[in-house]
Amino acid sequence: MRILVADDHDLVRDTIAAYLDGADVEEVCTVATLQDAVSLAKSSGSFDLVLLDYNMPGMNGLEGLERMRAANEGRPVAILSGSATRDVATAALKAGAQGFIPKTLSARSLLTAARFMAAGEVYTPIEFLKTGAKGEDDILTRREQQVLQGICEGKSNKEIARDLDLQEVTVKLHVKTLSRKLEARNRTHAAMIGRDRGLI
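So, how was this worked out
- Residues numbered from 1 in each chain as written.
- Predicted model: local features only at pLDDT ≥ 70, side-chain atom pairs only at ≥ 80, totals over all residues.
- Heavy atoms only, no water.
- Salt bridge = Lys/Arg side-chain N within 4 Å of Asp/Glu carboxyl O.
- Helix = DSSP H or I, 4+ residues; strand = E, 2+ residues; numbered from the N terminus.
- Buried < 20%, exposed > 50% of the residue type's maximum accessible area, 1.4 Å probe, protein only.
- Pairing = 2+ DSSP bridges.
- pLDDT = per-residue confidence, 0-100.
- Contact = heavy atoms within 4.5 Å.
- Axes fitted to C-alpha atoms, helices over the stretch in contact; angles between N-to-C directions.
- Phe/Tyr/Trp six-rings, centres within 6.5 Å; stacked < 30°, edge-to-face > 60°.
- Polar contact = N/O pair within 3.5 Å; in protein donor to acceptor, adjacent residues only side chain to side chain.

Chemist: It is not clear to me how the pattern of salt bridges should be interpreted in this structure. Could you clarify?
Modeler: Pairs can form between side chains of opposite charge whenever their charged atoms are close. One pass over the full model with this rule turns up ten salt bridges. Of the charged contacts, one joins glutamate 66 and arginine 69 as a salt bridge, the two residues approaching to 3.6 Å between their closest N and O atoms. Residue glutamate 66 and its partner arginine 69 are both found in helix H3 (residues 63–71); the two are separated by three residues, about one turn of the helix. On the accessibility criterion, glutamate 66 (41% relative accessible area) is partly exposed. Look at arginine 69 and you get partly exposed, because its relative accessible area is 25%. It is possible to trace a salt-bridge network through shared partners that takes in Asp7, Asp53 and Lys103.

This is the structure in C-alpha cells:
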C-alpha cells in the first residue's frame, strides 16, 4: 500500500507518516502543498490513499479535493483536519472524499482507517459527527497559548515554567487543561492541533 500525506506542518506530517508505518504500508510519501501532492501523483503514479490537510496552501476549500482526486486517477483521497466543523466534514464526503480524519485520532485508529479507505470504504468517526462544531470552552487563554508555544518548541514543563516564571505544577495544570480543550491525547497531539488551528 502506498500512501501520500500532504500537510504544511512538519510536525503533523512526520507524526502521521510515522503512525502509518505499518506492516502492509510499503511506502509513505510526504509533501507540504497541494501542488506538490498533485505533481507527485502525476509523476510517480497514483497512490492507494492520499491524506490532504484541509487548511493546506492551495486547497481553496474543497476545490483542492477535486484536483487531487483527478491527479490520483479517482483513487481514494481523504481530508485531514484538526479544526474543521461537522458541516465541512459532511461537505467533503458529499464532494467525494473517501473519509474525514481528525488529527486527534490515535495511531492505531489512523492506521485502521487508512486500510479501510484504501480498500474503498468511507471513513468518518461517529464521535466526530456527534460532537459537531467546537464551543467557546475550547478557546485557549493567553497563558495556555504560551504554554502550547513552549510545547511546540520542544521544551519540557520545567523549561516552560522557567521561561514564564511559573511553578512547574502550574504548567502541568495548563498542559492538562489545554489538552482537554483541544481534545489532544498527549503533548504531541496538542502541538499538532495547535499548529493546524493557527493558535500559535
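Chemist: I tried to follow the pairing of strand S1 (residues 2–6) on my own but got confused; where do I start?
Modeler: The side chains of a regular strand alternate, first on one face of the sheet and then on the other. Where burial is concerned, most of S1 is hidden: five out of the five residues are buried. Both faces of S1 are covered, namely the face carrying Arg2, Leu4 and Ala6 and the face carrying Ile3 and Val5. Two strands pair when backbone bridges link them, and S1 and strand S2 (residues 27–31) are joined in this way by five bridges, in the parallel orientation. Its bridge partner being in S2, alanine 6 is matched across the sheet by valine 31. As defined by bridge partners, S1 adjoins strand S3 (residues 49–53) across four bridges and the pair is classed as parallel. Residue pairing for S3: leucine 4 is matched across the bridge by valine 50.

Chemist: I tried to follow the confidence of the model for the protein on my own but got confused; where do I start?
Modeler: Interpretation of the predicted coordinates at a detailed level should be avoided for regions scoring low in pLDDT. Here the protein averages 87 in pLDDT, and 92% of its residues register 70 or above. Here residues 132–137 is a poorly scored stretch, pLDDT under 50, and it has six contacts once near neighbours within four places are set aside; other chains count.

Chemist: Any chance you could explain unusual backbone geometry here in plain terms?
Modeler: Generally, phi is negative for residues other than glycine and the peptide bonds are trans, each holding for most cases. The phi dihedral of glutamate 73 is positive, around 60 degrees, even though this residue is not glycine. Inspection of the secondary structure puts glutamate 73 in the loop between H3 and strand S4 (77–81). Despite not being glycine, aspartate 165 has its phi angle at roughly 60 degrees, a positive value. By the element assignment, aspartate 165 lies in the loop between helix H8 (157–164) and helix H9 (168–182). You can call aspartate 165 exposed: its relative accessible area is 71%.

Chemist: Could you clarify how one ought to interpret the sheet that holds S3 in this entry?
Modeler: Note: strands within a sheet are paired through backbone hydrogen bonds, in either parallel or antiparallel orientation. Taken together, the five strands give an open sheet; going across it, the order is S2-S1-S3-S4-S5, and neighbouring strands pair in parallel fashion. Edge positions in the sheet fall to S2 and strand S5 (100–102), since each of these pairs with one other strand and no more. Strand-to-strand twist in this sheet, taken as the mean axis angle between neighbours without regard to direction, amounts to 20 degrees. Looking at chain direction, S3 and S4 are connected through four bridges and run parallel. Residue pairing in the sheet places leucine 51 in a bridge with alanine 78 of S4.

Chemist: So what exactly am I meant to see when it comes to the packing of aromatic side chains here?
Modeler: Given two aromatic rings, one states the distance between the centres and the angle between the planes to describe the pair. Under the defined criterion, the tally for this structure stands at one aromatic pair. Both rings, one in phenylalanine 116 and one in tyrosine 123, keep their centres 6.4 Å apart while their planes meet at 80 degrees; by these two values the pair is edge-to-face. The exposure class of phenylalanine 116 is partly exposed, given its relative accessible area of 38%. Of the residues examined, tyrosine 123 reaches a relative accessible area of 18% and is grouped as buried.

Chemist: Looking at this structure, I do not really get the environment of lysine 103. What am I missing?
Modeler: As for its placement among the helices and strands, lysine 103 is situated in the loop between S5 and helix H5 (107–118). In contact with lysine 103, other than residues within four places in its own chain, are Asp7, Val12, Asp53, Leu80, Ser81, Gly82, His189, Met192 and Asp196. At a separation of 3.2 Å, a polar atom in the side chain of lysine 103 contacts the side chain of aspartate 53.

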